[in-house]
Amino acid sequence: MSQNSQYRNADLIVDRIHGVLGHYPGYRTLHADGRLYKGTFRAYEVARRFTRAAHLQGQELPVTVRFSKGGGNPYAPFNATVGMATRFYLEDGRVTNLVMLSQKLFFANTIEQFVELVNAMQPTSPGGGVNKAGLDAFLAKNPNVMNVFKMRAASLAPLSFANTEFHAVHVFRYINAADEASHVRCHWIPLDGVKGQDPDVLTHESVDVLFGEIGTRLNAGPVEFELELELGQPGDPLNDATALWPDNRERIRIGRLTVDAATSEEEIGDRLMNHDPTMLVDGIEATDDPILQIRRGVYEASAAQRSGGWHGVQSRSGD
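Computed from a predicted structure; not experimentally measured.

Another aspect to go through is the overall build of the protein chain. A count of helical and extended segments in the protein chain gives 9 helices and 12 strands. The C-alpha radius of gyration of the protein chain comes to 19 Å, within 12% of the 20 Å expected for a compact globule of 319 residues. Principal axes of the C-alpha set define a box for the protein chain whose edges measure 55 × 50 × 40 Å. Taken over 319 residues, the protein chain has a buried fraction of 49%. Long-range pairs, those at least 24 residues apart, make up 76% of the contacts in the protein chain between residues at least 6 apart in sequence. Surface accessibility of the protein chain: about 14400 Å² in total, with carbon and sulfur atoms responsible for 51%. Positive and negative side-chain charges in the protein chain, numbering 31 and 39 respectively, have mean positions lying 2 Å apart.

What follows is the structure, given as structure tokens:
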């Protein structure tokens with residue numbers, strides 16, 4: 001897949017998502033409401049079996065984590081989907097990202113299918129909410145997307161970020177020092193266990209309830225996750241963000257993340273914190289998944305809108 005495909009329809013997609021979920025200037029298009037935290041990560045020795053990536057060789061590295069609320073409305077209650085975007089700070093000054101959701105799959109497996117989905121959901125009148133008739137017609141023609149909607153509708157909501165399992169919805173290619181490649185799905189496994197609740201409970205809570213909970217928890221001590229690799233086998237889909245692998249795939253935990261405290265863009269020194277999941281290092285490669293490929297362009301378009309682009313950076317440079 002060409003590099004240009006990473007930007008195909010990016011502006012259109014951002015505008016269409018705003019049409020469905022609302023436009024809140026200054027906020028991300030999706031996962032609009034989030035908080036930043038800091039900590040450390042150390043890979044286990046077994047990680048080298050799969051990858052030569054610099055942050056997975058065993059040294060302790062600083063990380064930041066953005067826990068976020070699903071959706072595009074920062075003022076809405078939490079729902080069953082939350083996000084966890086992790087940034088690793090390498091010793092040579094580079095960074096790399098690992099972006100995950102509490103859900104295992106995405107809503108489309110091609111750029112065209114995603115554009116058709118968000119077009120189908122456009123309100124029939126300003127502020128009218130999702131076009132349910134349009135969505136139902138789309139789902140009837142796209143059973144793979146209908147299955148994702150059903151899976152998400154049946155999922156529990158988080159009780160805490162610290163008790164939520166997170167999943168990268170895309171497959172990545174890990175390459176070790178011997179140039180041996182493995183296709184993997186990545187998961188964060190909470191060491192305090194997985195616990196959930198009825199999503200309806202969150203509709204009656206404060207819109208920042210889970211941020212308050214994780215803040216209180218961090219005051220008492222760190223929160224920990226292990227990075228788990230799910231190993232693909234020949235024939236497993238590699239470029240379909242709507243398709244799971246069989247449940248019996250081997251899983252190996254390759255490192256531990258420790259989240260210690262809250263932080264901010266100002267403390268980090270990055271006003272945007274654009275968590276592009278294709279910002280990778282040698283030893284980890286993107287697959288030809290078209291949804292993974294387009295995310296760079298969509299993230300950049302959204303970041304430019306919410307920040308005012310270089311104009312906004314210039315105007316705030318003296319802050």
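A word on the pairing of strand β3 (residues 82–89). Within β3, 7 of the 8 residues are buried, which leaves it mostly tucked inside the rest of the structure. Direction of pairing for strand β2 (residues 60–69) relative to β3: antiparallel, over a ladder of 7 bridges. Of the residues in β3, the one forming a bridge with Val63 is Phe88. Inspection of the sheet shows β3 paired to strand β4 (residues 95–101) by 7 bridges, in the antiparallel sense. Of the residues in β4, the one forming a bridge with Gly83 is Leu101.

Direction vectors running N to C along helix α2 (residues 111–120) and helix α3 (residues 132–141) enclose 150°, while the axes themselves pass 8 Å from each other. When the interaxial angle is binned, α2 and α3 end up roughly antiparallel. On the side of α2, the interface is formed by Gln113, Glu116, Leu117 and Ala120, while α3 contributes Gly134, Leu135, Phe138 and Lys141. Class assignment for the residues of the contact of α2 with α3 results in 4 nonpolar, 2 polar and 2 charged.

Time to look at the nonpolar core. By size, the foremost hydrophobic cluster in this structure holds 45 residues, and its most contacted members are Leu56, Tyr174 and Trp188. Ranked by residues supplied to this core, first place goes to strand β10 (residues 223–231) with 5 residues. Apart from residues no more than four positions distant in its own chain, Leu56 is found in contact with Phe41, Ala43, Ala47, Arg48, Thr51, Tyr174, Leu227, Ile254 and Ile284. One finds Ala10, Leu139, Val145 and Val169 within the second-largest nonpolar core, a separate group that totals 25 residues.

This part is about helix α4 (residues 143–153). Along an α-helix, residues three or four positions apart point the same way, because every turn accommodates 3.6 residues. Within α4, burial applies to Asn144, Val145, Val148 and Arg152. The arc that holds every buried residue of α4, seen down its axis, measures 100°, which confines them to one face. Along α4, exposed side chains directed more than 90 degrees from the buried face belong to Pro143, Lys150 and Ala153. On its buried side, α4 packs onto β4, α2 and α3.

Let us now look at the pattern of salt bridges. Across all of its chains, the model carries 21 salt bridges by this definition. Across the pair Arg35 and Asp33 runs a salt bridge, and its minimum N-O distance is 2.5 Å. Exposure remark for Arg35: the relative accessible area of 30% places this residue in the partly exposed category. Its salt-bridge partner being Glu226, residue Arg253 comes within 2.8 Å of it at the nearest N-O pair.

For the rest of this paragraph, the subject is the environment of Asn109. Within the fold, Asn109 resides in the loop between β4 and α2. Among the residues examined, Asn109 registers a relative accessible area of 18% and is labelled buried. Through-space distance from the C-alpha of Asn109 to that of Val99 is 17 Å; in sequence the pair is 10 residues apart. Aside from chain neighbours lying at most four places away, what touches Asn109 is Asn144, Asn239, Asp240, Ala241, Thr242, Pro290 and Ile291.

How each quantity is defined
Counting from 1, residues in each chain are numbered in the order their sequence is written. With pLDDT at 70 or above as the cut-off, local features in this predicted model cover only qualifying residues; side-chain atom pairs require 80 or more to be listed or tallied, and sums for whole chains, interfaces and linings still use all residues. Hydrogen atoms and water are omitted, and side-chain values are computed over all heavy atoms in the structure. Secondary structure elements follow DSSP: runs of H or I of four or more residues count as helices, runs of E of two or more count as strands, with numbering from the N terminus. We take the radius of gyration over the C-alpha atoms and set the globule estimate at 2.2 Å times the residue count to the 0.38 power. For each residue, the accessible area found with a 1.4 Å probe, counting protein chains only, is set against the maximum for its type, and the residue is called buried under 20%, exposed over 50%, and partly exposed in between. Contact criterion: two residues are considered in contact whenever any of their non-hydrogen atoms come within 4.5 Å of each other. Shrake-Rupley sampling with a 1.4 Å probe provides the accessible areas, and residues are treated as covered by the protein chains on show and by no other component. Neither His nor the chain termini are counted; the positive set is Lys and Arg, and the negative set is Asp and Glu. Charge placement uses NZ in Lys and CZ in Arg. For Asp and Glu, CG and CD serve respectively. If DSSP finds at least two bridges between two strands, the strands pair. Between the N-to-C directions of two axes lies an angle of 0 to 180 degrees, each axis being a line fitted to C-alpha atoms and, for a helix, fitted only over the stretch in contact. Geometric relationships in this document are graded by angle, where less than 35 degrees denotes roughly parallel, more than 145 denotes roughly antiparallel, 65 to 115 denotes roughly perpendicular, and other angles denote oblique. As a working rule, the residues Ala, Val, Leu, Ile, Met, Phe, Trp, Tyr, Cys and Pro are called nonpolar, Asp, Glu, Lys and Arg charged, and the rest polar, with Gly in that last group. To define a nonpolar core, start from buried Ala, Val, Leu, Ile, Met, Phe, Trp, Tyr and Cys residues and group those joined through side-chain atoms within 4.5 Å. Directions pointing from the helix axis toward each C-beta atom define the arc. For this document, the term salt bridge refers to a Lys or Arg side-chain nitrogen within 4 Å of an Asp or Glu carboxyl oxygen.

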